[in-house]
Amino acid sequence: MKKRILAMILASTMVLGLTACGGAASTDTAAAPAATEEAADEAEVADEAEEVEAPAASGEGQVYYLNFKPEADEAWQAIAKSYTDQTGVPVTVVTAASGTYEETLSAEIVKDEAPTLFQVNGPVGLANWADYCYDLNGSSLYNELTSDSFALKDGDAVAGIAYVIESYGLITNTKLLGEAGYTTDDIKSFEDLKKVAEDITARSAELGFSAFTSAGMDGSSDWRFKTHLANLPLYFEYKADGVDSKTEITGSYLDNYKNIWDLYINNATCSPKDLASKTGDDAENEFAEGKSVFFQNGSWEYANLINKGMTDDELAMIPIYVGAGDEANQGLCTGTENYWCVNSEASEEDIQATIDFLTWMVTSAEGTQMLSDTIGVIPFKNAADTTNLFVLNDRAYTAAGKTPVSWNFTTMPSEEWKNGVGSALTAYAAGTGEWDAVVSAFVDEWAAEYALK
Amino acid sequence: MENAIKKYWPIFVLPTLAAFCVGFVYPFVQGVYLSFCKFTTIKKAHFIGLKNYAYALTDSSFWQSFEFTTLFMIISTVLINVLAFAIALALTSKIKGSNAFRTVFFMPNLIGGIVLGYIWQILLNCVLSLLEQPLLALDAKYGFIGLVILMCWQQIGYMMIIYIAGLQSIPEDYLEAAKIDGATDRQILFKIKIPNVMPSITICSFLTITNGFKLFDQNLALTGGEPAHASEMMALNIYNTFYSRSGAQWKGYGQAKAVVFCIMVILISLVQLKFTKSREVQQ
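Fair warning: this is a prediction, and the values are worked out from it, not measured in the lab.

1. What about the overall build of chain B?
- Secondary structure summary: chain B contains twelve helices and two strands in total.
- Shown N-terminal to C-terminal, the secondary structure of chain B runs as helices and strands in the order α-β-β-α-α-α-α-α-α-α-α-α-α-α.
- Its C-alpha atoms give chain B principal-axis dimensions of about 70 × 70 × 30 Å.
- Taking all 283 residues of chain B together, 47% fall into the buried category.
- Taking as baseline every contact in chain B between residues at least 6 positions apart, the subset at least 24 positions apart corresponds to 70%.
- Here chain B displays about 14700 Å² of accessible surface, and carbon together with sulfur accounts for 70% of that area.
- Distance between charge centroids for chain B: 10 Å, based on 21 positive and 14 negative side chains.

2. Here's the deal with the pattern of salt bridges
All names here are of chain A.
- Per the counting criterion, the structure on display carries 15 salt bridges over all chains.
- One salt bridge connects K153 with D148, and the closest N-O pair in it is separated by 3.0 Å.
- Note that K418 is salt-bridged to E415, the shortest N-O span being 3.3 Å. In this pair, K418 and E415 both sit in helix α18 (residues 415–430), three residues apart, roughly one turn of the helix.
- Given a relative accessible area of 34%, E415 falls into the partly exposed group.
- Through salt bridges with shared partners, a single network forms among E237, D241 and K246.

3. Description of the nonpolar core
- Counting residues in hydrophobic clusters, the biggest one holds 77 residues, and the most contacted among them are F212, Y257, W261, F294 and F442 of chain A.
- Within the second largest apolar cluster, 48 residues are counted, among which are L124, C152, Y158 and V197 of chain B.

What counts, and where the lines are drawn
Residues numbered from 1 in each chain as written. Chains lettered and ligands numbered in written order. Predicted model: local features only at pLDDT ≥ 70, side-chain atom pairs only at ≥ 80, totals over all residues. Heavy atoms only, no water. Helix = DSSP H or I, 4+ residues; strand = E, 2+ residues; numbered from the N terminus. Buried < 20%, exposed > 50% of the residue type's maximum accessible area, 1.4 Å probe, protein only. Contact = heavy atoms within 4.5 Å. Areas by Shrake-Rupley, 256 points an atom, 1.4 Å probe, with all protein chains shown as cover. Lys, Arg positive; Asp, Glu negative; His and termini not counted. Charge placed at Lys NZ, Arg CZ, Asp CG, Glu CD. Salt bridge = Lys/Arg side-chain N within 4 Å of Asp/Glu carboxyl O. Core = buried A, V, L, I, M, F, W, Y, C linked by side-chain atoms within 4.5 Å.

Structure, rendered in structure tokens:
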């Protein structure tokens, strides 16, 4: 009998062992910081080795950058190595897995070898990390900024420095637009956009394409609407009141938000009911394959579209018109949500080494070239020029005297708020919810979330 | 030999004990402490007493997720165990290729929860879209059904293996004697097989109850708590409290919820263990 029981225990432990392998995904989130930890440890070993070789460098501190942009990881690793070769200052770059930056930073910052350089996404992100932000006022990095508006202020202190300026709008396939009988010059207002989009929809069977890509509300795509598109009603409300943030909003431009959202979902490549499952890749592919004319996205999307075989002469980015404000003078939505912060808990030498490294990044030919090529436009005096068409579009709009729409979504109270608006938009599109729910998620929840702070 | 073991047991115990302390006891104690603090990182924590618990226990989204989780746990536990036992019965009767079937049924277990969640999301959304029904992210009812289907598919094979081991350990003479006495198949099942596999039932129901209660990856991947938190289970609710809010107080709230959650899991599994253990028979 005992043998049988033993056999059973053995069998179940064997099975347990197997599922331990299968269950590995559940530890994914924990594994990400653990992996970076390993990377950091390895780097530390490397650092120590170098210190032995070049003792002079040890007194100058070191840099540990926790990078937010996975797509730029390789470029950062290469530039860090190059900087170390030139100056002897060890630079470690660790990149958080996509979507886990906050978690990784929480884990890393309490370590003895904490990141000396990290990033926040604006005033709301700063609220969590203000205790750890070194005041960069008067530093050599701060002095390189082209405008004071690119500094993230915490009271009088300069807590963060914006390092990339991005633009978003309606990316337009000008070739298809031409086939439909229009040019981008025909679209100067929301009325024009609506007319063109509805005309294309009416003739879509004959033309073979739709006006808009799917406005996917999957997690990989919903930020385009719950955050970026929602910036427009917010921008016009702030502008009308002459403020740059509010703890309670009236939602006075939400009708415009509804109009543009209706336009997107009713003139798209798919039924509004299917939007809940459409991803960012779906929209990108639809656009690159010539299935739609308009695609709401930003300058960061340029490289992806070029890689998918599109060319400069069939692309342009136009402003998102919502029928508010002075449409004749509206430019692209241009701003930033990427700010560098230096860890105030790091040692004096490390802080100085970090500032020196960043100053080198934004002044040297090598550093600025890397930033301009892989990240985008950088707001520093010595910035290298860019080949990104959408950035050039933005520049042309500004040169023509149009006013860029600023990025006010950095004042949105929390992810929770954005998720609420996203849910309500998805339900409204699918017909399972009312527009009133969007208004309530937008206005009431805004105040409620701010009240909780 | 026995003497050697008696003498050196601390050395054998030490590695596991050390790992247990570092990996479990220390984080657990610190976690409980942090639930009384306001903190951004564990180094900068200020003790604030019971405020976090006051919030956690009055947060309606937490209790909504508790209801959703409890309902899910009950339904998935019953379905998984009944189906797994039925399959185990089928595969211990002498049918051709039963080993191949066992392997196939067990396989879903080897795929991670996040991957499974996304695969099933695509599958179920396609079906719902063909049926002209709202997709998973739009209707919590479908989200719930989807989660149950997913968990059954993933866990039945695993529980089946445990039941098979249990069924195989029933002595042949019991079954033979019963047959000679003229017991029907039904009587054999309820009077002999089930009482004799009670240890397996204890293990399986413990695992399915705790798995159901603690479910996170599948929930995150399949529905993400949509629409508007309606399909959010407790673990995801805690995660969202922790990471999708801004401000220092939220980490403490999340931590307090996590401690409450932990106590609930322990209580529920203790009650279940006591209940099923009392029905185990000695062979």
